[in-house]
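Here is what each chain is made of, one letter per residue.
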Amino acid sequence: MVKICCIGAGYVGGPTMAVIALKCPEIEVVVVDIAAPRINAWNSDHLPIYEPGLDDVVKKCRGKNLFFSTDVEKHVAEANIVFVSVNTPTKTQGLGAGKAADLTYWESAARMIADVSKTDKIVVEKSTVPVKTAEAIERILTHNRKGINFTILSNPEFLAEGTAIADLFNPDRVLIGGRETPEGQKAIHALRDVYAHWVPVDKILCTNLWSAELSKLAANAFLAQRISSVNAMSALCEATGADVSQVSHSIGTDSRIGPKFLNASVGFGGSCFQKDILNLVYICECNGLPEVANYWKQVIKVNDYQKNRFVNRVVSSMFNTVSGKKIAVLGFAFKKDTGDTRETPAIDVCKGLLGDKAKLSIYDPQVSEDQITRDLAMKKFDWDHPAHLQPLSPTSNKQVSVVWDAYEAIKDAHGICILTEWDEFKNLDYKKVFDCMQKPAFVFDGRNVVDVNKLREIGFIVYSIGKPLDSWLKDMPAVA
Ligand SMILES: NC(=O)C1=CN([C@@H]2O[C@H](COP(=O)(O)OP(=O)(O)OC[C@H]3O[C@@H](n4cnc5c(N)ncnc54)[C@H](O)[C@@H]3O)[C@@H](O)[C@H]2O)C=CC1
Ligand SMILES: O=C(O)[C@H]1O[C@H](OP(=O)(O)OP(=O)(O)OC[C@H]2O[C@@H](n3ccc(=O)[nH]c3=O)[C@H](O)[C@@H]2O)[C@H](O)[C@@H](O)[C@@H]1O
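So, here's what we can say about the structure. (Residues numbered from 1 in each chain as written. Chains lettered and ligands numbered in written order. Predicted model: local features only at pLDDT ≥ 70, side-chain atom pairs only at ≥ 80, totals over all residues. Heavy atoms only, no water.)

Turning our eyes to something else, we now look at the site of ligand 1. Neighbouring ligand 1 are 26 residues; Asp 33, Arg 38, Thr 88, Glu 161 and Lys 275 lie closest to it. The contact in question runs from a nitrogen atom of ligand 1 to an N or O atom on the backbone of Ile 34, over 3.4 Å. Glu 161 is positioned such that a nitrogen or oxygen atom in its side chain is 2.9 Å from a nitrogen atom of ligand 1. Against a free-state accessible area of 830 Å², the protein chains account for coverage of 95% of ligand 1. Here the shell around ligand 1 is composed, by residue class, of 10 nonpolar, nine polar and seven charged. Residues lining the shell around ligand 1 come from more than one domain, with at least three contributed by each of domain 1 (3–199) and domain 2 (221–474). (Near = heavy atom within 4 Å. Polar contact = N/O pair within 3.5 Å; in protein donor to acceptor, adjacent residues only side chain to side chain. Areas by Shrake-Rupley, 256 points an atom, 1.4 Å probe, with all protein chains shown as cover. Nonpolar A, V, L, I, M, F, W, Y, C, P; charged D, E, K, R; others polar. Domains from an automatic or database assignment.)

Shown next as structure tokens:
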């Protein structure tokens, strides 16, 4: 019987392994983690992450062929295939700080695999890693190998949060990279056989190790670049009277461009886009390619510009100060259908508004007060380390309250900032909202979810990213 062990029970390890267990009933899958609270949550009725459809999948296989455990060494020792899906955050100190990937967690996992193994293993890179990481991992694994053969594969994950289960059930492709040696090819076939339980074989792409590693960074860079491109256009739309949704639709109907990932927004967030592009930039610099590095750096610069631009719009519209004014923040997660706040644009927008002394009332249907308080106090990049290594919960900020109802957040507010595109924000009773706000009442829509004309008819002053400006805003400076 094939036994799979996955090190790292996070947003990737948990859902991916649950789907493998569901689709391959004859394979035993154990997900292990050093974080006991996370494993306890995976074994409870309240899973540690919110992901549509995940509960169902876990319920169907947990206790049958899917297990969650803190007994990392035992399960690694017993497995034939070991996936490694641990954090690969951006380095905050030392060589490459602020750009390079911090491979501390990966290295410690690899050393542990080498120490506890008594049988041959396929070791699969599931985490996103710099190109050529497999070479370093191989050295760690084979340094003290005691006659055991380790074959390393790169199998990057392309799921997006909020649609993880659908993405895993029906992936655009599964990518497996391995050495072009007989052992490498044998390992590729073994992993391909796992995915072939439900993924058509023509969607399982097999490449060399470095192509697989680099393809993951390239895919995220290309996706993020599309968002920065459309966001750059949104600034020009506001300056010219064009409507970014119309521009996106017009260019997206060109089959060479395609319609997806062209929604202008307050900026992209999430645990990976920025981290992976910084990682790519660093690799380019290390390979003596500064022009290529600068090209990709610009994707992040435009994203930062977009977040600053949004804050400036809010402040300048409200008579150039938000000091002491209540601003309702609707949505804190980095996108809808997830409770994940890693690198969410809401953090930078909230910090910008707090910098101008606003009073924030924040509502998100999936994010807890504790998480928001931590996020607003955390240093850049600290969020991407395992929970037990993160700073303890800070004392709450008097300028910030977190509430569990959108109307509660809005009551007596001067302005509303929509920062996540949760469906419920489209369907609020905006007449009721208007009536309970200070006047003039402002709506700043960072996700283009509201019906701008309808809200203007009610009496709101509305700013919506990349849409023709309200006459109120036309002469206001909005320089980031
Ligand atoms: N979040 C996402 O949507 C995607 C993430 N990725 C990549 O997958 C990797 C993991 O990301 P997430 O699952 O989001 O991170 P996460 O932070 O949710 O999960 C990582 C887990 O690894 C555990 N861990 C760290 N070191 C360990 C060790 N030595 N032994 C046992 N457990 C250990 C941590 O406690 C944590 O629970 C990253 O490289 C990320 O770039 C790739 C595709 C999608
Ligand atoms: O490596 C990863 O971590 C993953 O990163 C992204 O997935 P994810 O970050 O979960 O979510 P996305 O749907 O890509 O959204 C990222 C950010 O871009 C924003 N976005 C997305 C699309 C768009 O048109 N406009 C836009 O602003 C979202 O609101 C969100 O803040 C990729 O889509 C996945 O393929 C990849 O596996």
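Past the structure itself, the notes keep going.
Opposite charge on two side chains lets them pair, provided their charged atoms get close. Under the definition given, this model contains 23 salt bridges. Across the pair Glu 421 and Arg 447 runs a salt bridge whose closest N-O atoms are separated by 3.8 Å. With Glu 421 in the loop between strand S12 (415–418) and helix H16 (430–435) and Arg 447 in the loop between strand S13 (442–445) and helix H17 (452–458), this residue pair connects regions lying 26 residues apart in the sequence. Classification of Glu 421 by relative accessible area gives partly exposed; the value is 22%. Overall, Arg 447 belongs to the buried group, its relative accessible area being 14%. One salt-bridge network, held together by shared partners, links Lys 3, Glu 28, Lys 74 and Glu 78. (Salt bridge = Lys/Arg side-chain N within 4 Å of Asp/Glu carboxyl O. Helix = DSSP H or I, 4+ residues; strand = E, 2+ residues; numbered from the N terminus. Buried < 20%, exposed > 50% of the residue type's maximum accessible area, 1.4 Å probe, protein only.)

A few words now on empty space enclosed by the protein. A complete count under the given rule lists one cavity of 30 Å³ or more for this structure. Taken together, Glu 125, Ser 127, Thr 128, Val 129, Ser 154, Pro 156, Glu 213 and Lys 216 form the lining of the largest cavity. Residue classes in the lining of the largest cavity are distributed as two nonpolar, three polar and three charged. (1 Å grid on protein atoms, 1.4 Å probe; cavity = no way out; pocket = protein on both sides within 12 Å on 5 of 7 lines; lining within 4 Å. Points joined across faces, edges and corners; volume = space filled by probe spheres on them.)

Every one of the 20 residues lining ligand 2 counts as a neighbour, but Phe 158, Leu 159, Ser 265, Cys 272 and Arg 447 are closest to it. Contacts to ligand 2 include Lys 335, whose side-chain N or O atom sits 2.8 Å from an oxygen atom. Contacts to ligand 2 include Arg 447, whose side-chain N or O atom sits 2.6 Å from an oxygen atom. In the complex, 90% of the free accessible area of ligand 2, which totals 710 Å², lies under the protein chains. Of all the elements, helix H9 (residues 209–240) adds the most residues to the shell around ligand 2, at four residues. Taken together, the residues of the shell around ligand 2 sort by class into 11 nonpolar, four polar and five charged. Shared between two domains, the shell around ligand 2 holds at least three residues of each, these being domain 1 (3–199) and domain 2 (221–474).

Here the focus is the nonpolar core. Ranked by internal contacts, the top residues of the largest apolar core, which has 64 residues, are Phe 310, Leu 330, Leu 353 and Phe 460. Ranked by residue count, the leading element in this core is helix H13 (residues 345–355), at six residues. With near-sequence residues (within four places) excluded, Phe 460 lies in contact with Tyr 430, Val 433, Phe 434, Met 437, Ala 441, Val 443, Leu 455 and Asp 470. (Core = buried A, V, L, I, M, F, W, Y, C linked by side-chain atoms within 4.5 Å. Contact = heavy atoms within 4.5 Å.)

The next thing to look at is the sheet that holds strand S14 (residues 461–464). A sheet is described by the order of its strands in space; here six strands give the open sequence S11-S10-S9-S12-S13-S14, paired in parallel fashion. Each edge of the sheet is formed by a strand with only one pairing partner; in this case those strands are strand S11 (400–402) and S14. Direction aside, neighbouring strands of the sheet carry axes that sit 15° apart on average. Sheet analysis places strand S9 (residues 326–330) next to strand S10 (residues 359–363), joined by five bridges and oriented parallel. Counterpart to Leu 330 in the pairing with S10 is Tyr 363. On top of the sheet, H13 reaches S9, S10, S11 and S12; it is set at about 155° to S10, its chief contact. (Pairing = 2+ DSSP bridges. Axes fitted to C-alpha atoms, helices over the stretch in contact; angles between N-to-C directions.)

Below, the discussion takes up the pairing of S12. Where burial is concerned, the two faces of S12 agree: the one with Gly 415 and Cys 417 and the one with Ile 416 and Ile 418 are both buried. Bridge analysis of S9 against S12 gives four bridges, and the strand direction is parallel. Opposite Ile 327, over in S12, you have Gly 415 as the bridge partner. Bridge count for S12 against S13 is four bridges, and the pairing is parallel. Residue pairing for S13: Gly 415 is matched across the bridge by Phe 442. In the classification by handedness, the crossover that spans S12, the intervening H16 and the parallel S13 is right-handed. (Right-handed = clockwise from strand over helix to strand, strands pointing away.)

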